[in-house]
Amino acid sequence: MSAARHFTADLLECWSVPESERDSAVLIVDELTANAAQYGRECMTLALVLDHGALYIVVSDSGTTVERGSHDVAPDEHGRGTGIVKYLAQSTEIHQTHSGREVRACLRCSA
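Throughout, a residue's number is its position along its own chain's written sequence, starting from 1. Per-residue local features are limited, in this predicted model, to residues with pLDDT of at least 70; the limit for side-chain atom pairs, both in listing and counting, is 80 or more; totals at the level of whole chains, interfaces and linings are taken over all residues. The side-chain quantities take in all heavy atoms of the structure and omit both hydrogens and water.

Where do I start with the pattern of salt bridges in this structure?
Pairing between side chains becomes possible if they bear opposite charge and their charged atoms approach one another. The rule for a salt bridge is simple: a side-chain nitrogen of Lys or Arg has to be within 4 Å of a carboxyl oxygen of Asp or Glu. In total, this model carries four salt bridges according to the counting rule given. In this structure, R5 engages D30 in a salt bridge whose closest nitrogen and oxygen atoms are separated by 2.8 Å. Residue R5 is found in helix α1 (residues 2–14), and its partner D30 is found in helix α2 (residues 19–39); the two are separated by 25 residues along the sequence. Taken together, the shared-partner salt bridges in this structure form one network comprising E93, E102 and R104. Under the scheme used here, helices are H or I runs from DSSP no shorter than 4 residues and strands are E runs no shorter than 2 residues, and both carry numbers assigned from the N terminus.

Take a look at the structure:
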């Protein structure tokens, strides 16, 4: 997921996104791509769209269902990533598609 973080940071810097908003976006991308890599099987796509004061982060994968943590794992070991995303983003959506799953996060952005 390092490549996704670096790509996001570099692109948002080119778009003149302020550092604090860029840091939040990079953290969201890191969490969403980590989940996609863990649960999404073989394919993952990251899309970033900056439009009229909003940054849209979309991560698609080829997973078939939203995975849940195992019951034999301590509750504090899973679920923090989605909590971080929900805290930082203005909105989040998860959609099941014909080819997998798509997670969208929207962040206000002053660039």
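So what exactly am I meant to see when it comes to the sheet that holds strand β3 (residues 91–97) here?
Read across the open sheet, the four strands follow the order β1-β2-β4-β3; overall the sheet is antiparallel. Two strands lie at the open edges of the sheet, namely β1 (44–51) and β3, each paired on one side alone. Neighbour-to-neighbour, the strand axes of this sheet turn through a mean angle of 15 degrees, independent of strand direction. The criterion for strand pairing is that DSSP finds at least two bridges linking the strands in question. The pairing of strand β2 (residues 54–61) with strand β4 (residues 100–108) spans eight bridges and is antiparallel. Bridged to Y56 within β4 is C106. Lines fitted to C-alpha atoms define the axes here, with helix axes fitted over just the stretch in contact, and angles between the N-to-C directions of these axes take values from 0 to 180 degrees.

Just checking my understanding: could you explain the pairing of β4 for this structure?
Residues in a regular strand point their side chains to alternate faces of the sheet. Here's how the labels work: a residue is buried when its accessible area is under 20% of the maximum for its type, exposed when over 50%, partly exposed in between, all with a 1.4 Å probe on protein chains only. Judged by how many residues are buried, β4 sits mostly within the fold: seven of nine residues are covered. Bridge count between β3 and β4: seven bridges; the pairing is antiparallel. If you follow I94 over to β4, its bridge partner there is V103.

Whenever I open this one, the environment of T8 confuses me. Can you help?
Assignment of secondary structure puts T8 in helix α1. Considered as a pair, T8 and D23 are 15 residues apart in the sequence and their alpha carbons are 9.6 Å apart. Only heavy atoms matter for contacts: two residues are in contact if any of them lie within 4.5 Å across the pair. Dropping the residues within four chain positions of it, T8 is found in contact with A25, V26, V29, L46 and L48. One polar contact links the side chain of T8 to the main-chain carbonyl oxygen of A4, over a distance of 2.8 Å. We call two N or O atoms a polar contact when they sit within 3.5 Å, provided that within protein one can donate a hydrogen and the other can accept it, with sequence-adjacent residues counted only if both atoms are side-chain atoms.

Is there a simple way to think about a negative patch on the surface in this case?
Within this analysis, patches are made of residues with over 30% relative accessible area and no salt bridge. Like charges are joined at 9 Å or less; nonpolar side chains (Val, Leu, Ile, Met, Phe, Trp, Tyr) at 5 Å or less. Every accessible area reported is derived by Shrake-Rupley at a probe size of 1.4 Å, with residue values counting cover from the shown protein chains alone. We treat Lys and Arg as the positive residues and Asp and Glu as the negative residues; His and chain ends play no part in the count. One atom stands in for each charge, and that atom is NZ of Lys, CZ of Arg, CG of Asp or CD of Glu. On the surface, a cluster of negative charge is made up of D10, E13, E19 and D23. Taken together, the elements giving at least two residues each to the negative patch come down to α1 and α2. You can see D10 is positioned in helix α1. When its relative accessible area of 48% is taken as the criterion, D10 is described as partly exposed.

Would you mind showing me how to read the side chain of R22 here?
Within the fold, R22 resides in helix α2. No salt bridge is formed by the buried R22. Its closest oppositely charged neighbour is E19, at 4.6 Å. A polar contact of 2.9 Å, which involves the side chain of R22, links it to the backbone oxygen of V17. Apart from the residues within four sequence positions on either side, R22 is in contact with A9, L12, E13 and V17.

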